[in-house]
Amino acid sequence: MSAIALFSFVLAFANDATMQSSDKTEPQKNSNYMECLGNAARKAIAKGASEAAAMASIDGLYVPDEKIIAASRAQPESNLKIWDYLAGVVDDERATDGAKAYLSQKDFLYNLGIQYGVDPATVVAIWGVETDYGKVMGKSNIINALGTLGCGGGRRAAYFNSELVEAIRITANGHVPLSQFNGSWAGAFGHTQFMPSTFWRLAADGNGDGIKNIVGEPKDALASTANFLKKSGWDQTQKWGYEVIVPSTYNGAIGRNAKKSLSQWKALGVKLADGNELEDSEIRYGLIFPGGRNSPAFLVGRNFNAVYSYNPATSYALAVNILADRIKGGKGVIGKWSTNDPGISRAMRREIQQILTAKGYDVGQPDGIIGKKTNDALKEYYKAHNLTFNGRLGQVAYDKIKSLESGR
Ligand SMILES: [Ca+2]
């Protein structure tokens, strides 16, 4: 044992000793909460879960988790524009990582595409958007998270309670070991973030070992997502959509479900974003303007809607489909968003976080994710320069900070 290891050992031992002495006080226990968890475990057992494993999954959970409650109450970021979202979600880094991830599983994905009749690049794109290809799957214990949301008296408790029962069944039936059963504070887990009820409806065994471990085995998660897309109506003969230019005179219906055939759109003067004509086809698409009338427009079809059903937001469905195109070597969005403050990539966000860190501000890990710490640091940084931060880290703020730091 090296001196450093020995030192750490002594420290660890010292901590243990302190822990033991303070352990003499009983941990705080909430009997209503524990009873609710017990009821969920019994429901899971009644549905066939192993009794010992079901009870083990709630062992040691005595009170609702304050961190989960706080996360569920946090307000989502409200002023995130579509171009900010896309700049961070579909940046060069995620496209490159996606192409690598695709190559690393090339044969498997090819077969998956044939087996389910879906586009494997779109499956990989969902993997990329949901968890950055398995790098960010969430650290909340799923039973603890769903227990808190389902038994802690918060909003939508009945929904989370039934998800809790399904989660207990997943681990007790041996699909995901309890030690791996981590995910988002809201209960989604695995490489492509399924909720427990979705798991039971749609999870698949991708590597053929008889279990569906979508946390520990990427192939299981990818097969599950392929199955999801198939069951959501994916049609392998269709494109998800087209970026288009729309005549300014068009005043007809818009929306992903207000569909017309490509031939009809063509007759109305709609062209591809590169100026070429749309093909003549009876396949039906809806017209969307996700950034407003003066920003890029898209015709979106049933495959767009299949992705939309994975996570019902236009920005999400657009990001996944555009990322899938980029993974296959496509260019991404051609048109310009109508803004003088475009979004910036995660690499550029990390660069700003590193500058702030070097200046002594606390941004946490420079991870390219702009959370409360980074926002607060930006406010302080701006204040120190007698400026006011407007809450958006886009191109304008990036350029401003870079110019301040270069002393101009
Ligand atoms: Ca498996």
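Conventions we followed
- Residues numbered from 1 in each chain as written.
- Predicted model: local features only at pLDDT ≥ 70, side-chain atom pairs only at ≥ 80, totals over all residues.
- Helix = DSSP H or I, 4+ residues; strand = E, 2+ residues; numbered from the N terminus.
- Contact = placed C-beta atoms within 7 Å.
- Axes fitted to C-alpha atoms, helices over the stretch in contact; angles between N-to-C directions.
- Parallel < 35°, antiparallel > 145°, perpendicular 65-115°, else oblique.
- Left-handed = near helix turned anticlockwise from the far one by under 90°.
- Nonpolar A, V, L, I, M, F, W, Y, C, P; charged D, E, K, R; others polar.
- Buried ≥ 20, exposed ≤ 12 C-beta atoms within 10 Å, placed from the backbone.
- Pairing = 2+ DSSP bridges.
- Expected span 1.5 Å × (residues − 1).
- Core = buried A, V, L, I, M, F, W, Y, C linked by C-beta atoms within 7 Å.
- Domains from an automatic or database assignment.

## A few points about the overall build of the protein chain
- Along the backbone of the protein chain there are 18 helices and seven strands.
- Expressed along its principal axes, the backbone C-alpha trace of the protein chain runs to roughly 75 × 60 × 45 Å.
- Considering only residue pairs separated by 6 or more positions, the protein chain has 68% of its internal contacts joining residues 24 or more positions apart.

## A short note on the packing of helix α4 (residues 66-73) against helix α9 (residues 142-151)
- Where α4 meets α9, the closest approach of the two axes is 9 Å, and the angle between their N-to-C directions is 65°. Taken together, the axis directions place α4 and α9 in an arrangement best described as roughly perpendicular. As for the relative orientation of α4 and α9, their crossing is right-handed in sense. Contacts from I68, I69 and S72 of α4 reach α9 at A145, T148 and L149.
- Tallied by class, the residues present in the contact of α4 with α9 amount to four nonpolar, two polar and no charged.

## Re the pairing of strand β7 (residues 297-300)
- Judged by which residues are buried, β7 turns out to be covered on both faces: A297 and L299 on one side and F298 and V300 on the other are all buried.
- In the sheet, strand β3 (residues 241-245) pairs with β7 via four bridges, with the strands oriented antiparallel. Paired with V244 across the bridge in β7 is A297.

## Observations concerning helix α8 (residues 120-131)
- Under the 1.5 Å per step criterion, the end-to-end length of α8 is 17 Å for 12 residues, consistent within 8% with the ideal 16 Å.
- A large share of α8 lies buried, amounting to 12 of its 12 residues.
- The set of residues buried in α8 consists of P120, A121, T122, V123, V124, A125, I126, W127, G128, V129, E130 and T131.
- In this fold, the buried residues of α8 make contact with α5 (82-89), α6 (92-104), α7 (106-116), α12 (218-231), α14 (302-308) and α15 (314-327).
- In the segment just after α8, D132 is the residue with positive phi, at about 50°.

## Describing the nonpolar core
- Core analysis: the largest hydrophobic core is formed by 101 residues, its most contacted members being V123, V124, A125, I168, A319, V320 and L323.
- Among the elements that line this core, the one with the most residues is α15, at eight residues.
- Mapping this core onto the domain boundaries places at least three of its residues in each of domain 1 (33-63 + 140-189) and domain 2 (346-405).
- What V320 contacts, discounting residues up to four positions off in sequence, is T122, A125, I126, V129 and V307.

## Regarding the sheet that holds strand β4 (residues 255-261)
- If you walk across this open sheet you meet the five strands as β4-β6-β7-β3-β5, and the pairing is antiparallel. Looking at the sheet topology across the chains shown, the edges are occupied by β4 and β5 (271-272).
- As defined by bridge partners, strand β6 (residues 284-288) adjoins β7 across three bridges and the pair is classed as antiparallel. Bridge pairing in β7 places G286 opposite V300.

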